[in-house]
Structure formats: C-alpha cells, structure tokens
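Overview (structure and organization)
The chain contents come next:
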Amino acid sequence: MTESVDELVRGIRARDRRSLARAITLAESSRADHRAVAAGVLEQVLPETGRSVRLGISGPPGVGKSTFIEALGLRIVEDHALAVLAIDPSSRRSGGSILGDKTRMGELARQPRAFIRPTPGGGQLGGVARRTREAILLCEASGFDVVIVETIGVGQSEVAVGEMVDLFLLLVAPGGGDELQGIKRGIMELADLVVVNKADGDLAAAAGRTAADYTNAVHLLRPKWRAWQTRVLTCSALTGAGLAEVWEAILAFRDALTASGELAELRAAQAKAWMWAEVRDSLLERFESAASVRSMLPSLEDQVARGEITPSAAAAELLQAFERDRST
C-alpha cells in the first residue's frame, strides 16, 4: 500500500530514513499513481530544499570511486549529514543492476549521519538516473546538507550530472600521458576539481607527475567560472592523505561561487534544464505509449533493420501516426 503524501512529508521532515527511501522509490517508479504521490511530496517539501552542497563525482572504472567516496564521506559526517546517491550500471539486456555500493561502502553505511542510496542507471545518458534530481531534493528536505552523486563513469557524456550538482569532481588514477589523452576533453571542461587518487606507496611519485600533467591541461581550457579556477589535487583514499585538502577545496569552491552570485545563477539554469528534460521525457513516454505507435513500431523496426526504409522515413511515419492519434 502506498503511503499518503502527508505521511511521507511528515516522515521526511522528521528525518525518518524509511520515509525518505520510500519517497525516492516512488519518484523512480514508472507507475502513474506512484509518480503522483512523489510529485505531491516534492511540491510540499520544495521550500526546504536547496541548502546542501551538491557534489558530482565521476571517473573511469577502477579509479577507486567507491573507496574515495567512503573515505571522504567518513570525514564529512564528522560535521555534516551526508547522502550518497550511487548510480549503478544497469544491464541493457535485463534491466538489472549491480547495486553493490552499500557493500563497497560498508563502514560509511553504518554511520548514523550517512544515507547511501544505490539506484540503477537505467541506461540514462551520462550514467545518471532520470529521477536523481528529485532524489537530491528529497535528501535535502530530510536534512542532508551534503549530497554526493556518484556516476557510472563509463566514458559517456557526463553533461547530465553537471546539470544537477554544484561541483563536478573528476577522479583519476596515477598514469602517464596516455591516460591524460584518454580523458575526453568534454569531461575535462566540466571538471571543477581534478583529484589524483592512489597517491601512496610506489604510486606516490607517479601521482605527483600526473597531477602536474593535469594542471598544465586545465590551464589550456577556458575557465568555467569568474570566481574559480579548476584545481588539481592528489590524495590517497587508502591512507587518508590529502582528503582534508579535497574537502577544503570543495568548501572554497562553494564559498567563491556564492560570493560571486554564480551559484545562484547555476541553480537557476539547472532548474530550467530540468524543466525541459521533463518535457522531453514526458513527450517520449506519451509517444511510445500511443496505440498506433505501438502497433506500427515492430514492423517499422524490422524494415529499418533490413534496409527497406530509411530511419528518418520510419520516424516520420511514427510521428504522423502519433499526431493522428492526438487529433482524434
């Protein structure tokens, strides 16, 4: 049985984890009744949102994102309430998800001031679940003043996460010039903070050289902000070295953009981007659910696959059918 809007709102305001988790589940649901309840909850708690530090963390597989987030998170929860929205890879064949972040962040998950929410990516661009924006607001309304979004980091465009967080942190491993060449320019342009992880033991010297390479690289890019120049730091999630400096840089970024007014500008632009994303997603859902589209789609897909019709011609037929449905 789905809880009422008022019940969930009371639970979220009381910082009840079960109510928060249930509200996020409803926000992620594709059922219309679930979505209606989630929308009602968000409408009521909206005035209590927007006060957190929103941090997006991305990086290639194997760089140690979960270990880094746990180590940084254990430092954050000394003074703050932390929510981690860990976007997991979803199978394109089965739709299943690994959902292993609570296992990988076992110590952080046991902290009373931490909330870890694994969410299947669902094939969304940039590895960000469609409803992550709503999950951020729900976490803020429940009293979490730091929200981390961990993206899949599979090499796709990470623009999506940049449209919902304040600071984009790119985590990289010690390596040579080849690794620097492998990081897409677009991701580098998004980064507000580049952190070279695993700066310990035999890799300490390599981490220093990698940081120098990235420092040179970011100076070649056009600055994103008037009040902030992208910084490059090193740390070791294993030993904890450098984590204090990473957190200090995150707070310095927020202070600088707040003082310059750029944080308010960013949040306003993100809200508009969210609105248009919702328009696009809603239109696509209506299109795919139209009876004529569903009936024509299998045949047209087969014709496109066999080369009997161009994709653009097939798309035009589907759109015409959709328009006819809406006019009748």
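Predicted, not measured: the structure shown is a model, and the values here were computed from it. (Residues numbered from 1 in each chain as written. Predicted model: local features only at pLDDT ≥ 70, side-chain atom pairs only at ≥ 80, totals over all residues. Heavy atoms only, no water.)

**Some thoughts on the overall build of the protein**
The condition that has to hold: Runs of H or I in DSSP of at least four residues are treated as helices and runs of E of at least two as strands, each being numbered from the N terminus. Each residue gets one of three labels from its accessible area relative to the maximum for its type: buried under 20%, exposed over 50%, partly exposed in between, using a 1.4 Å probe on protein chains only. By the convention used here, residues are in contact when the closest approach between their heavy atoms is within 4.5 Å. Using a 1.4 Å probe, the Shrake-Rupley method yields the accessible areas, and only the shown protein chains count as cover for residues.
A count of helical and extended segments in the protein gives 15 helices and 7 strands. For the protein, with 328 residues in total, the buried portion stands at 47%. For the protein, the proportion of contacts with a sequence separation of at least 24, taken over those separated by at least 6, is 75%. Accessible surface for the protein amounts to roughly 16,200 Å². Of this, 54% is attributable to carbon and sulfur atoms.

**Section: the packing of helix H14 (residues 291–306) against helix H15 (residues 311–327)**
Operational definition: Lines are fitted to the C-alpha atoms to define the axes, a helix being fitted only along its stretch in contact, and any angle between axes, read from their N-to-C directions, falls within 0 to 180 degrees. Oblique is the label for any angle not under 35 degrees, not over 145, and not in the 65 to 115 range, which are roughly parallel, roughly antiparallel and roughly perpendicular in turn. Put simply, Ala, Val, Leu, Ile, Met, Phe, Trp, Tyr, Cys and Pro go in the nonpolar bin, Asp, Glu, Lys and Arg in the charged bin, and everything else, Gly too, in the polar bin.
Relative orientation of the contacting elements H14 and H15 amounts to 170 degrees, with a least axis distance of 9 Å. Between H14 and H15, the angle falls in the class roughly antiparallel. Residues Ala291, Ser292, Val293, Met296, Leu297, Leu300 and Val304 of H14 pack against Pro311, Ala314, Glu317, Leu318, Ala321, Phe322 and Asp325 of H15. When the residues that make up the contact of H14 with H15 are grouped by side-chain class, the tally is 11 nonpolar, 1 polar and 2 charged.

**Here we look at the side chain of Ser142**
We count it as follows: Residues adjacent in sequence count toward polar contacts only when both atoms are side-chain atoms; beyond that, a polar contact is any pair of N or O atoms within 3.5 Å, and within protein one must be able to donate a hydrogen and the other to accept it.
Mapped onto the secondary structure, Ser142 falls in the loop between helix H7 (132–141) and strand S4 (146–150). A polar atom in the side chain of Ser142 sits 3.3 Å from the backbone oxygen of Ile12. With residues up to four places along the chain from it excluded, the contact list for Ser142 reads Ile12, Arg15 and Leu20.

**Concerning the environment of Arg35**
With respect to the element layout, Arg35 can be found in helix H3 (residues 32–45). Sequence-wise, Arg35 and Thr25 are 10 residues apart; in three dimensions their C-alpha atoms are separated by 9.6 Å. Leave out the neighbours within four places in its chain, and Arg35 touches Leu26, Ala27, Ser29, Arg131 and Glu134. A polar contact of 2.7 Å, which involves the side chain of Arg35, links it to the backbone oxygen of Ala27.

**A word on the side chain of Arg133**
For Arg133, the position within the fold is in helix H7. Not counting residues within four places of it along the chain, the set of residues in contact with Arg133 comprises Glu163, Met164, Trp274 and Ala277.

**Points about the pairing of strand S5 (residues 167–172)**
In summary, the side chains of a regular strand alternate between the two faces of the sheet. Stated formally: Two strands are counted as paired when DSSP detects at least two bridges linking them.
Most of S5 sits inside the fold, with 6 of its 6 residues counted as buried. Burial along S5 is two-sided: Leu167, Leu169 and Leu171 facing one way and Phe168, Leu170 and Val172 facing the other are all buried. Sheet analysis places S5 next to strand S6 (residues 193–196), joined by 4 bridges and oriented parallel. Note on S6: the bridge partner recorded for Leu171 is Val195.

**Digging into the pattern of salt bridges**
For side chains bearing opposite charge, pairing can occur when the charged atoms are close. How we decide: Basic side-chain nitrogens of Lys or Arg form a salt bridge, by our definition, when they fall within 4 Å of a carboxyl oxygen of Asp or Glu.
Summed over all chains, the structure comprises 12 salt bridges. Arg267 is the partner of Asp166 in a salt bridge, and the nearest nitrogen-oxygen pair spans 2.8 Å. Of the two residues, Asp166 is situated in the loop between helix H8 (159–162) and S5 and Arg267 in helix H13 (residues 262–289); the sequence distance between them amounts to 101 residues. Assessed through its relative accessible area of 17%, Arg267 is described here as buried. Two residues, Asp192 and Lys224, come together in a salt bridge whose shortest N-O distance is 3.0 Å. Taken together, the positions of Asp192 in the loop between helix H10 (185–190) and S6 and Lys224 in the loop between helix H11 (204–218) and strand S7 (231–234) put the pair 32 residues apart, joining distant regions of the chain. Classification of Lys224 by relative accessible area gives partly exposed; the value is 35%. Via salt bridges that share partners, Arg35, Arg131, Glu134 and Glu278 belong to a single interconnected network.

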